[in-house]
Amino acid sequence: MTRPDTQFLIDLWWTGVNAVRGFTAVQNELVQNSGPTPDLIIAVGKAAGDMALGARAHYQVSIPTIVATKYDHVSDELAALSDCRIFESAHPIPDQNSLASGEALLQAVSNQGPDDKLLLLVSGGASSLVEVLQPGTELADLAALNQGFMAQGLDIHEINAERKKISLVKAGQLLEAFTGKSARVIAISDVEGDSIDVIGSGIGAYHGDDSDVSITVSGSNEVGRKAIADAAASKNVTLNANQENLYGDAEKVANDVFRIIDDGPAGLYIFGGEPTCLLPDNPGRGGRNQHLGLLLAEKIRMRNDLCILVAGTDGSDGPTQDAGALVDGQTVTDNITDYLAGADAGSYLAERDALFTTGPTGTNVMDIMLVWKTA
């Protein structure tokens, strides 16, 4: 769907995403406070590659680098670096490579010399992509745990509490193993509240008393939404809402959003966050944004005054290759009960050319929904 009245929603969405790209977020932070050149750069998460390139572009010298990221999230520029070790693993269900990534990172921080300086770049997705398990825990246990999280619709705080129980690198443990002089952490937040203890299950957190460890969160959903709001203002577009309220079950979120836009005036609405979905035993094609998009498409059926774009800023939605949905009043024309019950919103949306697909974006700051309401 690329009608003129939805294309500008796509452009605005990308404005928000580009404002919090890993490259941009790291560059902005280092420009404000460059600090000493690190002896080692470690980047973890879905935005790891982009963040690593931002750091290296800033320092403009060759720095040994380790990148742990999701499959197919490695750019040609990153792959061409001779001094960069790259580990790719699975998300949202970890695999054997997730364990290999974790062991490599733990060994690297443990082997630093007393004068070495570490730059640790953290983004969402690290919980699945990097892991070292407690003795007695197997990969199958970890995979089953993550699969259960998805099916139960738990929020990230509940999920992280369980992940930390079986990990040797989460909840601040990675930096506890650091043997060098100083460590600096720059993170992009994919969680409500932007806490380093929650991002990547706390893989960039530090709970010791070393004054030579500094932590900054330089990219967030709020930053992305502000960029969209500023862009809308520059086009004299009326902004009616800019809220981080997409939390809780997708059905509740759909009801809450619909009440706002149904009663509200014409113009742009911006929402951010990350809803949850309960999954059946054998879910179909889709993710939380596709599910939420289809729920809203049903509510605006046959209306000509509303267009809605909802998508994951990392370019993926659940286990799919799609970022989310782009829907209007013509998207739903028949019964969608079975699609919603089967967590198969993606199949329905695909048949109606209502999927929004971007590929990897270089960031991960939860989800952004844009609604355009005409007079």
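See above for the structure.
Here the structure is a predicted model, which means the values were calculated and not measured.

Caption draft 1: Local environment of the overall build of the protein. A count of helices and strands for the protein gives 14 helices and 12 strands. A compact globule built from 375 residues would reach a C-alpha radius of gyration of about 21 Å, and the protein, at 21 Å, matches this within 12%. When its C-alpha atoms are laid out on the principal axes, the protein stretches across 65 × 50 × 35 Å. Taking contacts inside the protein between residues at least 6 apart in sequence as the whole, the part at least 24 apart equals 78%. Accessible surface, the protein as shown: approximately 14,700 Å² in total, 48% of it carbon and sulfur.

Caption draft 2: Structural context of the sheet that holds strand β8 (residues 267-276). Here 6 strands make up an open sheet; going across it, the order is β7-β8-β12-β9-β10-β11 and the pairing mixed. The two strands at the open ends of the sheet, each matched to only one other strand, are β7 (239-249) and β11 (355-356). The sheet contact formed by β7 and β8 spans 9 bridges and is parallel. Bridge pairing links D249 to T276 in β8.

Caption draft 3: Representation of the packing of helix α11 (residues 250-263) against helix α12 (residues 288-299). Here α11 crosses α12 at 45°, and the two axes come no closer than 9 Å. In terms of orientation, α11 and α12 fall into the oblique class. Crossing of α11 over α12 shows right-handed handedness. Counting all contacts with α11, which are made through A250, E251, V253, A254, N255, V257 and F258, the residues of α12 involved are H291, L292, L295, L296 and K299. For the contact of α11 with α12, a count of residues per class yields 8 nonpolar, 2 polar and 2 charged.

Calculation notes
- Residues numbered from 1 in each chain as written.
- Predicted model: local features only at pLDDT ≥ 70, side-chain atom pairs only at ≥ 80, totals over all residues.
- Heavy atoms only, no water.
- Helix = DSSP H or I, 4+ residues; strand = E, 2+ residues; numbered from the N terminus.
- Rg over C-alpha atoms; globule rule 2.2 N^0.38 Å.
- Contact = heavy atoms within 4.5 Å.
- Areas by Shrake-Rupley, 256 points an atom, 1.4 Å probe, with all protein chains shown as cover.
- Pairing = 2+ DSSP bridges.
- Axes fitted to C-alpha atoms, helices over the stretch in contact; angles between N-to-C directions.
- Parallel < 35°, antiparallel > 145°, perpendicular 65-115°, else oblique.
- Left-handed = near helix turned anticlockwise from the far one by under 90°.
- Nonpolar A, V, L, I, M, F, W, Y, C, P; charged D, E, K, R; others polar.

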